[in-house]
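Now for the letters of each chain:
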Amino acid sequence: MAELLQFLFSGLTVGAVYALVALGFTIIYNASDVVNFAQGEFVMLGGMGTVFLAAAGLPLPVAAVLAIVMAVLVGLGLFLFAIQPARGASPVTLIIITIGASIALRGAAQIVFDKQFHRLPSFSGDAPIHVLGATLLPQSLWVIGGAVVIVIALWGFFSRTLTGKAVLATAANRLAANLVGIDTRFVVGLSFAVSAAIGAVAGILVTPITLTSYEVGTMLALKGFAAAMLGGMGNPVGAVTGGLMIGLMESLGAGYLSSTYKDAIAFLVILGVLFVMPGGLFGAKSVERV
Amino acid sequence: MPPRLRRLLPVLIIAAAVVLLPFGLTSAYQIRVATLVFTGGLTVIGLNLLMGYAGQVSLGHAGFGGIGAYAVAILPTHFGVHPLLAFLIGITAAGLVAYLVGRPILRLKGHYLAVATLGMGILIAMVIQNEAAWTGGPDGMQVPRMELFGWRVRGAETWYWICGAFLVLGALLAVNLIDSPTGRALRAIHDSEVAARVLGVDVARAKLVVFTVSAVYAATGGALLAFVNAFVTPDIAGFLHSVELVTMVVLGGLGSIVGSVVGAAILVVLPQVLTVFHEFEHLAIGLIMIAVMIFMRAGVVPTLAARFAGSRA
């Protein structure tokens, strides 16, 4: 029982990070039909940026905010200088562009930062919390709590604000949104900025647990993409569910079956789900996008 | 130009390049790089059949390359199988895996197909990585030298000609496949799957055929690469290599046989050249990929061909 609880805790923690990466994929995909494989690099930028700004003497919260700003600027740059000039290109071409961007960002991070692994201090100490025989790190609560706050904030943004509704309208039909006076270019730019911010926050929250380096983005992007597809591409509820499911499957699989094949378990389940439900768990047909 | 010659033009261009290149290449190192381009180009031609003609993306194609490569490493080392036989077993196995996995996978569309092939590729890479007793794990393993009729196949130049011959053969088969009923079916699927089905095209079968064929290409390319290097590491089957292959297809040009080889050449040669700027290598590769995709959207070869044709007209 305590063992199971332990696996659930660690699964939910990584799962929350996957969920945030998957949300980033979903937001950009809905606004622009672009699958952004540089999503993992935003996570890396958040973590590495904070580490280096903090090392330069800034207090941790200031460093974190600046790192998020930096990631947002990179996200906007990606949109303005790589996605916008290629508008109208085929989906595969756009995917190659984002892959190129991810390679370039990793290369830039190698130069600006370094090739070492780094960690941040835990936000509120390392004293584990004991729950029914299992232990929970305070930082895990930060990660899960942070993910919950972001999901609620996004929900509020989409359902309560005019700008959020403009994003929904653009996702539903770009031409129609344009015709009713929505600046769809602004909306797409905004979606890149928001995705970058979410990714950076995820990177900052998780770095005290998992460490960061210039190349952590690749695997996170893969898991996030897989999570988004598992839930049904373009569906935020699906993205969060998919992320948590992959985190839990990995953790339970590593605990009960084989730790060397933990990534395999997640991908096997994804293949299995897609065979039965080719549109993902929350198939795009039955649920409205965003 | 007579249609028959026009159809064979890509094969002739590639064959001419293979024959003429040695006159311009001065060192064994350059011969070796050209050989790497040939093995890569062969894989990319196969993937281009799938992507360029059938319009299906695979993010796990390096997995098939890994099957071919590890077949020629494992079978001779652990079972004493002759390398040539191991080579045949490897490419057959890859084709078989593609055929079996392809049935359920190819029902998926677009990004769902991409993630399914991604998962498949990662599973193959993971088995190679973790079954260290057989594969040497992350460190990789030696590939025994091929011996034919008492003659040991070795040396950069020998492999240059072998790989060059395979590349030309691969291009020839691809050109013929595109021109066959299956090829026409594929192009119909690319334009509209529904319309193709209405016209009586067996969409599922045509996709499965091209997926299997492209896997055989990848396994052949992977096995040749393993022979050339006399060493394999799990990177050959990894996700990053799969992405590299897709990038080669798109850079060179979707649906262009010559483009496949050019795309492979760009991504093989570029890092060799850029090591001069070692710090900035990845940054530069990424930026070049973005720039090419923005300014030569159809890929290098089709864009240049169109520009050339335009300037003559």
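Note that this is a predicted model, so its numbers are computed, not measured.

Participant: Help me understand the overall build of chain B, please; the structure alone is not making it clear to me.
Facilitator: When its secondary structure is counted, chain B shows 14 helices and four strands. Radius of gyration (C-alpha) of chain B: 19 Å, near the 20 Å computed for a compact globule of 313 residues. Projected onto its principal axes, the C-alpha coordinates of chain B cover approximately 50 × 45 × 45 Å. For chain B, restricting intrachain contacts to residue pairs at least 6 apart in sequence, the fraction spanning at least 24 positions comes to 77%. If you sum the accessible surface of chain B, you get close to 13,600 Å²; carbon and sulfur atoms cover 69% of it. The centroid of the 18 positive side-chain charges in chain B is displaced by 13 Å from the centroid of its 12 negative side-chain charges.

Participant: Is there a simple way to explain the packing of aromatic side chains in this structure?
Facilitator: The relation between two aromatic rings is expressed through the spacing of the ring centres and the mutual angle of the planes. Evaluated as defined, the whole model comprises 15 aromatic pairs over all chains. Ring centres 4.9 Å apart and planes at 35° place the aromatic pair F52 of chain A and F113 of chain A in the tilted group. Note that F52 of chain A is positioned in helix α2 (residues 39–55) and F113 of chain A in the loop between α4 (91–112) and β1 (129–131), a separation of 61 residues in sequence. Each ring, one from F79 of chain B and one from W134 of chain B, has its centre 5.7 Å from the other, and the planes form 10°; the classification is stacked. With F79 of chain B in helix α3 (residues 61–79) and W134 of chain B in helix α6 (residues 132–135), this residue pair connects regions lying 55 residues apart in the sequence. Judged by its relative accessible area of 42%, W134 of chain B falls in the partly exposed class. Put simply, the rings of F87, W159, F166 and F227 of chain B pair up and form one aromatic cluster.

Participant: Would you explain the nonpolar core in this entry?
Facilitator: Side chains that are nonpolar tend, in soluble globular proteins, to be buried together. I97, F225 and I246 of chain A together with F64 and L118 of chain B are the most contacted members of the largest nonpolar core, which totals 184 residues. Ranked by the residues each element gives to this core, the list is headed by helix α10 (residues 203–229) of chain B, at 15 residues. With sequence-adjacent residues up to four places away left out, F64 of chain B is seen in contact with A94, V97, A98, M120, F211, A215, A218 and A219 of chain B. Among the nonpolar cores identified, the runner-up in size contains eight residues, and A71, A109, F113 and A200 of chain A belong to it.

Cut-offs used in this document
Residues numbered from 1 in each chain as written. Chains lettered and ligands numbered in written order. Predicted model: local features only at pLDDT ≥ 70, side-chain atom pairs only at ≥ 80, totals over all residues. Heavy atoms only, no water. Helix = DSSP H or I, 4+ residues; strand = E, 2+ residues; numbered from the N terminus. Rg over C-alpha atoms; globule rule 2.2 N^0.38 Å. Contact = heavy atoms within 4.5 Å. Areas by Shrake-Rupley, 256 points an atom, 1.4 Å probe, with all protein chains shown as cover. Lys, Arg positive; Asp, Glu negative; His and termini not counted. Charge placed at Lys NZ, Arg CZ, Asp CG, Glu CD. Phe/Tyr/Trp six-rings, centres within 6.5 Å; stacked < 30°, edge-to-face > 60°. Buried < 20%, exposed > 50% of the residue type's maximum accessible area, 1.4 Å probe, protein only. Core = buried A, V, L, I, M, F, W, Y, C linked by side-chain atoms within 4.5 Å.

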